[in-house]
Amino acid sequence: MSTTLLVVDDDDEIRELLCDYLADAGYQALAAGNGEQMREQLARHAVDLVVLDLMLPGEDGLSLCRQLQAQPGLAVIMLSAKGSTLDRIIGLEVGADDYLAKPFEPRELVARIKAVLRRPQRLETAAQDATVEPQRFAGFRLDHVKRLLTLPDGQALTLPRSDYRVLRELLEANNRVVSRDQLTRSAFGRDHLPDDRSVDMCISRLRQQLRRAASQGAQILTIRNEGYLLSLAREALGA
């Protein structure tokens, strides 16, 4: 079966050109001009990846990207005429898998789509098998299927894909240092670049949550020139 893509852009000409190019590249390409049309297409079709414009009338791309985080396994590539580092980081922070500044070559978009889709299957996608058990640590409960982190006080929140992947890597490292390169590849599917703060932002948000259980021995340590380490006291390790 062919991969299904959804292009969400309010510019009729750009939307049509992208859909035609993606169809020529072998994808099934659907179109939507706004958030409402996007939700209608997602309700009708099994979409693998959304190409989402940042500047949309009404609900903007950032708001829609946050909504898409509730659908495990759905990848998002954000497009924007704003190409600054800050705009790119904001797009990645809300859960986009990649960010492409306009204007761009359609061939580059196709290359990025292929890169996102050929990444190792996300645990939250592959874990459709109900036998995957939530992971407990330091008073927290991490549901790998829903990316749902339940805090020690009982509050539950859905982690952005990037934050979830970073936390998963740190947990799997089992008290070993994980490099920024590895975390960047796991969270965003690309190599770490100089001045790239994307992983650092993920770490900062995760630290805010872990501080709620600091007395139970969970903290993310920065290991100079090496990366990050999730330190768990023995009594903080849950079954």
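Not measured: the values here are computed from a predicted model.

**Student:** Describe in detail the pattern of salt bridges, supporting the description with residues and values.
**Tutor:** Per the stated rule, a full pass over the model turns up 9 salt bridges. With a closest N to O distance of 2.7 Å, Arg205 and Asp163 form a salt bridge. Residue Arg205 is found in helix H9 (residues 198–210), and its partner Asp163 is found in helix H7 (residues 161–172); the two are separated by 42 residues along the sequence. Between Arg180 and Asp200 there is a salt bridge, with its nearest N and O atoms 3.1 Å apart.

**Student:** Report on the sheet that holds strand E7 (residues 140–143), specifying residues and quantitative values.
**Tutor:** Taken together, the 4 strands give an open sheet; going across it, the order is E6-E7-E8-E9, and neighbouring strands pair in antiparallel fashion. Since the sheet does not close on itself, it has two edges, and those belong to strand E6 (135–137) and strand E9 (156–158), each with one partner. Between one strand axis and the next, the sheet turns through 20 degrees on average, direction left out of account. Note that strand E8 (residues 148–150) and E9 share 3 bridges and pair antiparallel.

**Student:** Give me the lowdown on the packing of aromatic side chains, citing residues and values where you can.
**Tutor:** Under the defined criterion, the tally for this structure stands at 1 aromatic pair. With 5.4 Å between their ring centres and 20 degrees between their planes, Phe137 and Phe140 make a pair best called stacked. A single burial state applies to Phe137 and to Phe140, both of which are buried.

**Student:** How would you sum up a negative patch on the surface? Please name residues and give values.
**Tutor:** A grouping of Asp10, Asp11, Glu13, Glu16, Asp20 and Asp24 is seen on the molecular surface, where their side chains present a negatively charged patch. Take Asp10: it is sitting in the loop between strand E1 (4–8) and helix H1 (12–24). With relative accessibility at 37%, the residue Asp10 sits in the partly exposed group.

**Student:** Now, about the nonpolar core: what can you tell me, with residues and values included?
**Tutor:** Among soluble globular proteins, nonpolar side chains are generally buried collectively. In this structure, Phe137, Leu149, Leu167 and Leu170 are the most contacted members of the largest nonpolar core, which totals 28 residues. Within the residue set of this core, elements represented by two or more residues are E7, H7, helix H8 (180–188), H9, strand E10 (218–223) and strand E11 (227–232). Setting aside residues up to four positions removed in sequence, Leu167 forms contacts with Phe137, Leu142, Leu149, Leu159, Leu206 and Leu230. Core analysis: the second largest hydrophobic core is formed by 20 residues, Val8, Leu30, Cys65 and Val76 among them.

**Student:** Tell me about the sheet that holds strand E2 (residues 28–32), and name the residues and values.
**Tutor:** With respect to topology, 5 strands assemble into an open sheet ordered E2-E1-E3-E4-E5, the strand pairing being parallel. Strands at the two margins of the open sheet, each flanked by one partner only, are E2 and strand E5 (98–101). For this sheet, the mean inter-axis angle between neighbouring strands, taken without regard to orientation, is 20 degrees. Here strand E4 (residues 75–80) pairs with E5 via 4 bridges, running parallel. Following the sheet pairing, Leu79 is matched in E5 by Leu100. The sheet strands contacting helix H3 (residues 61–68) are strand E3 (49–53) and E4, and the helix crosses E3 at an angle near 160 degrees.

Thresholds applied
Position numbers for residues count from 1 along each chain, tracking the sequence in the order it is written. Totals for whole chains, interfaces and linings use every residue, but because this is a predicted model, local features are given only for residues with pLDDT of at least 70 and side-chain atom pairs only at 80 or more, for both listing and counting. Calculation of side-chain values draws on the structure's entire complement of heavy atoms; hydrogens and water are dropped beforehand. Each reported salt bridge corresponds to a side-chain nitrogen of Lys or Arg within 4 Å of a carboxyl oxygen of Asp or Glu. The helix count covers DSSP runs of H or I at least four residues long, the strand count covers runs of E at least two residues long, and both are numbered beginning at the N terminus. In short, DSSP must find at least two bridges between two strands for them to pair. Comment: axis = line fitted to C-alpha atoms, over the contacting stretch for helices; angle = value between 0 and 180 degrees taken between N-to-C directions. Here a pair means two rings of Phe, Tyr or Trp (six-membered ring of Trp) with centres within 6.5 Å. Their orientation is stacked below 30 degrees between planes, edge-to-face above 60, and tilted elsewhere. Exposure is judged per residue with a 1.4 Å probe applied to protein chains only, and the accessible area is read against the type maximum: over 50% gives exposed, under 20% gives buried, and values in between give partly exposed. Two joining distances apply to patches: 9 Å for like charges and 5 Å for nonpolar side chains (Val, Leu, Ile, Met, Phe, Trp, Tyr), and every residue must have over 30% relative accessible area and no salt bridge. Accessible surface area values rest on a Shrake-Rupley calculation with a 1.4 Å probe, where residue burial reflects the displayed protein chains alone. Just so you know, the count uses Lys and Arg for positive and Asp and Glu for negative, and it drops His and the chain ends. Charge positions are represented by NZ for Lys, CZ for Arg, CG for Asp and CD for Glu. To define a nonpolar core, start from buried Ala, Val, Leu, Ile, Met, Phe, Trp, Tyr and Cys residues and group those joined through side-chain atoms within 4.5 Å. Residue contacts are defined here by distance: any two heavy atoms, one from each residue, within 4.5 Å place the two residues in contact.

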